[in-house]
Amino acid sequence: MLEHVELFFKSIFIDNMVFAVFLGMCSYLAVSKKVATAVGLGAAVIFVLAVTVPMNWLLDKYLLQDGALVWLGPEYADYNLSFLSFILFIATIATMVQLVEIVVEKFSPSLYNSLGIFLPLIAVNCAILGGSLFMQAREIETFGLAFNYGVSSGIGWFLAILAIAAIREKIRYSNVPAPLRGLGITFIITGLMGIGFQSFGGMLTGGGEETEEANEQVNQVIQPEMVTPVEEVVVDKNEEIDEKVISYNDVNK
Amino acid sequence: MALLSKKDTNLITDPLADNNPITIQVLGICSALAITAELKASLVMAVSVMFVLGAGNVVISLMRNIIPSKIRIIVQLIVVATLVIIVDQVLKAFAYELSKTLAVFVGLIITNCIIMGRFEAFALANGPWRSFLDGIGNSLGYGVILIIVGFFRELLGSGTLFGIPVLGDPIEKTGLYATGYENNGFMIIPPAALIVVGIIIWVQRSRNPALVEEN
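Just so it is clear, the model here is predicted, and its values are computed rather than measured. (Residues numbered from 1 in each chain as written. Chains lettered and ligands numbered in written order. Predicted model: local features only at pLDDT ≥ 70, side-chain atom pairs only at ≥ 80, totals over all residues. Heavy atoms only, no water.)

**Student:** Account for the overall build of chain A, with residues named and values stated.
**Tutor:** Each helix and strand in chain A was counted, giving 10 helices and zero strands. When the helices and strands of chain A are read in sequence order from the N terminus, they spell out α-α-α-α-α-α-α-α-α-α. Counting all 253 residues of chain A, 42% fall into the buried class. Just so you have it, chain A exposes about 13,500 Å², and 63% of that area is on carbon and sulfur atoms. (Helix = DSSP H or I, 4+ residues; strand = E, 2+ residues; numbered from the N terminus. Buried < 20%, exposed > 50% of the residue type's maximum accessible area, 1.4 Å probe, protein only. Areas by Shrake-Rupley, 256 points an atom, 1.4 Å probe, with all protein chains shown as cover.)

**Student:** So, the nonpolar core: which residues are in play, and what are the values?
**Tutor:** One finds Leu23, Met25, Tyr28, Trp157 and Phe187 of chain A together with Leu33 of chain B to be the most contacted residues of the largest nonpolar core, which totals 108 residues. Every residue in contact with Leu33 of chain B, bar those within four places of it in the chain, is listed here: Phe22, Met25 and Phe187 of chain A together with Arg153, Ala193, Leu194 and Val197 of chain B. (Core = buried A, V, L, I, M, F, W, Y, C linked by side-chain atoms within 4.5 Å. Contact = heavy atoms within 4.5 Å.)

**Student:** Help me get a handle on unusual backbone geometry, residues and values and all.
**Tutor:** Leave glycine aside and you will find that most residues have negative phi; peptide bonds, for their part, are mostly trans. All names here are of chain A. Within the chain, Phe22 stands out as a residue other than glycine whose phi angle is a positive 55 degrees. Note that Phe22 resides in the loop between helix 1 (2-14) and helix 2 (25-30). For Phe22, a relative accessible area of 1% corresponds to the buried category. A positive phi angle is found at Glu139, which is not glycine, with a value near 50 degrees. In this structure, Glu139 sits in the loop between helix 7 (126-137) and helix 8 (143-171). Judged by relative accessible area, Glu139 falls into the exposed class, the value being 64%.

**Student:** I'd like to hear about the packing of helix 9 (residues 183-198) of chain A against helix 9 (residues 191-207) of chain B, residue by residue, with values.
**Tutor:** Contact geometry for helix 9 of chain A and helix 9 of chain B: axes closest at 8 Å, N-to-C directions at 165 degrees. Taken together, the axes of helix 9 of chain A and helix 9 of chain B lie roughly antiparallel to each other. Pair helix 9 of chain A / helix 9 of chain B crosses with left-handed handedness. Along its contact with helix 9 of chain A, which presents Leu183, Gly184, Phe187, Ile188, Thr190, Gly191, Leu192, Gly194, Ile195 and Gln198 of chain A, the element helix 9 of chain B presents Pro191, Leu194, Ile195, Val197, Gly198, Ile201 and Arg205 of chain B. Per-class residue counts for the contact of helix 9 of chain A with helix 9 of chain B are 10 nonpolar, six polar and one charged. (Axes fitted to C-alpha atoms, helices over the stretch in contact; angles between N-to-C directions. Parallel < 35°, antiparallel > 145°, perpendicular 65-115°, else oblique. Left-handed = near helix turned anticlockwise from the far one by under 90°. Nonpolar A, V, L, I, M, F, W, Y, C, P; charged D, E, K, R; others polar.)

**Student:** For empty space enclosed by the protein, give the residues involved together with the corresponding values.
**Tutor:** Residues and elements named next belong to chain A. Across all of its chains, the model carries one cavity of 30 Å³ or more by this definition. Considered as a void within the structure, the largest cavity measures approximately 40 Å³ in volume. Together, Asp15, Met17, Val21, Phe134, Arg138 and Tyr149 line the largest cavity. Counted by class, the lining of the largest cavity contains four nonpolar, no polar and two charged residues. (1 Å grid on protein atoms, 1.4 Å probe; cavity = no way out; pocket = protein on both sides within 12 Å on 5 of 7 lines; lining within 4 Å. Points joined across faces, edges and corners; volume = space filled by probe spheres on them.)

**Student:** Can you break down the interface of chain A and chain B residue by residue, with the values?
**Tutor:** With 42 residues of chain A at the interface, the matching set in chain B holds 40 residues. Both sides together, the interface formed by chain A and chain B hides about 3,600 Å², and carbon and sulfur atoms give 82% of it. Summed over the three residues of chain A that lose the most area to chain B, namely Phe22, Phe86 and Phe187 of chain A, the buried surface amounts to 19% of that side. Our count for the contact surface shared by chain A and chain B stands at zero salt bridges. The element contributing the most residues to the side of chain A that touches chain B is helix 9 of chain A, with 10 residues. In terms of residue class, the side of chain A that touches chain B is built from 30 nonpolar, 10 polar and two charged. (Buried area = accessible area lost by both parts, 1.4 Å probe. Salt bridge = Lys/Arg side-chain N within 4 Å of Asp/Glu carboxyl O.)

**Student:** Please give an account of the packing of helix 1 of chain A against helix 8 of chain A that cites residues and values.
**Tutor:** A packed helix pair is summarised by two numbers, namely the angle formed by the two axes and the spacing between the axes. All names here are of chain A. One can describe the packing of helix 1 onto helix 8 by two numbers: an axis separation of 7 Å at closest approach and a directional angle of 30 degrees. Taken together, the axes of helix 1 and helix 8 are roughly parallel relative to one another. Note that helix 1 runs across helix 8; the crossing there is right-handed. Note on element contacts: helix 8 touches helix 1 through Gly144, Leu145, Asn148, Tyr149, Ser152, Ser153, Ile155, Gly156 and Leu159, opposite Glu3, His4, Leu7, Phe8, Ser11, Ile12 and Phe13. Each residue belonging to the contact of helix 1 with helix 8 can be placed in one class, and the counts come to eight nonpolar, seven polar and one charged.

**Student:** Residues and numbers for a nonpolar patch on the surface, please.
**Tutor:** A contiguous nonpolar patch, built from Leu58, Tyr62, Trp71, Leu72, Tyr76, Tyr79 and Phe143 of chain A and spanning about 710 Å² of accessible area, is present on the exposed surface. Note on placement: Tyr76 of chain A falls in the loop between helix 3 (35-64) and helix 4 (85-107). (Patch = residues over 30% accessible without salt bridge, like charges linked within 9 Å, V, L, I, M, F, W, Y side chains within 5 Å.)

**Student:** If you had to explain the side chain of Asn57 of chain B to someone new, which residues and values would you point to?
**Tutor:** Residue and element names in this part refer to chain B. Its location among the elements puts Asn57 in helix 3 (residues 39-63). Of note is the side chain of Asn57, whose polar atom sits 2.9 Å from the backbone oxygen of Ser131. Every residue in contact with Asn57, bar those within four places of it in the chain, is listed here: Val52, Arg118, Phe119, Ala123, Ser131, Asp134 and Gly135. (Polar contact = N/O pair within 3.5 Å; in protein donor to acceptor, adjacent residues only side chain to side chain.)

**Student:** An account of the confidence of the model for chain B is requested, with residue identities and associated values reported.
**Tutor:** Residue and element names in this part refer to chain B. Confidence in the prediction of chain B, expressed as mean pLDDT, is 80, and 95% of residues score 70 or more. The spread of mean pLDDT over the elements of chain B runs between helix 1 (residues 6-13), the lowest at 73, and helix 3, the highest at 87. Quick note on the complex model: pTM equals 0.77, ipTM equals 0.79. (pLDDT = per-residue confidence, 0-100.)

**Student:** Requested: an account of the packing of aromatic side chains, with residues and values cited.
**Tutor:** Residues and elements named next belong to chain A. The full count for this structure, using the stated rule, is eight aromatic pairs over all chains. Taking 5.5 Å as the distance between ring centres and 90 degrees as the angle between the ring planes, the aromatic pair formed by Phe8 and Phe9 counts as edge-to-face. Residue Phe9 is classed as partly exposed on the basis of its relative accessible area of 35%. Plain terms: the ring middles of Trp57 and Phe143 are 5.9 Å apart, the flat faces sit at 70 degrees to each other, and that makes the pair edge-to-face. With Trp57 in helix 3 and Phe143 in helix 8, this pair connects stretches of sequence that are 86 residues apart. Using a relative accessible area of 8% as the deciding quantity, one classes Trp57 as buried. (Phe/Tyr/Trp six-rings, centres within 6.5 Å; stacked < 30°, edge-to-face > 60°.)

Written as structure tokens, this is what we have:
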């Protein structure tokens, strides 16, 4: 359970799709002029990531990884098809997007009307393929975690595009230097927001593997010392109090 | 020039300046920002994109009359994915360390908007030779920005170029460091790339006011 919570917050804030790895920047810059459209695209991205990342996790686990084909029989254990992952992932994404579009149109016309125009755009959004490739690169262990990763990185992207759309709506009233108007100032604002998001880096103790190791080392160093200074401080305080008591008594005398 | 007519030359020179894919068309930003902390990675990325876009444009242009328009996106994706797998395997075989640095960003060339954008806008409507020139021109324009950003980020952030120290040794305090200069660690973190690109856009639009956007 804890790993789910950790992955959830980590993918939203620390490894934010837009601010930490710059995925989906093209549609992020193109569709962020109004909050309403940004919300539509953001919702579509969450939806498609939630569908495609677990799908590609299954493909990776049972088809592509080194020795993944062993379920077909022991003679298939030596196959490593991971060089095919790009082509299979993108094919999955393109077909899933098409399929999702058809299903949504059939069963929920109102959702289709709000997401509809954005769905085809999404097949070539780097955030979607990036989600699957990072899922593979980070060796996410279970199907549930893969689903979690898809949803939470989608939410991270949603928050980013929502924030920049709101800022762009407001900045229209500001006097930006002419050559910076539009694209230029959007880049610089995104950069500043990215710096802001860097401060989430210390939010969780178990960040990457390196930080985890570093934290463990820090803990090992700190823990033995931690206990003793506290006691000493307590003792010191008592002594101080005693001194004070004495001094008061002295004063009274 | 006998080899290239004036129109063909424009196909290469336009994307370098006034029709730059990154700063004007706003395509292919994702990879431009993420891998530019080092000049070497920027250069390799630029060359990889040049190969994929040049070859992909030719393939799509040759097939443009037989691709049904309804499924053209999937056909384009398959063509790009195949080319990117070739690039990825070549990198893994001959430059393994670098392929580790670029990591998933090689794979993300597939969804680099420049590639799909040029397929849609140019290769589907033009012959193979012109498509090839268009591909080379646009990937040069992309590469120029990548290399400028990579140059400044590596020089100011680590004081090196292609991994070779050019400003002296920061630990021994030689060269420029003797005067009290420090590396700017800010240039290494990802958001710095956005700000550098923002400044490039600023400079470019100040020089050519026709490019300024209405707010």
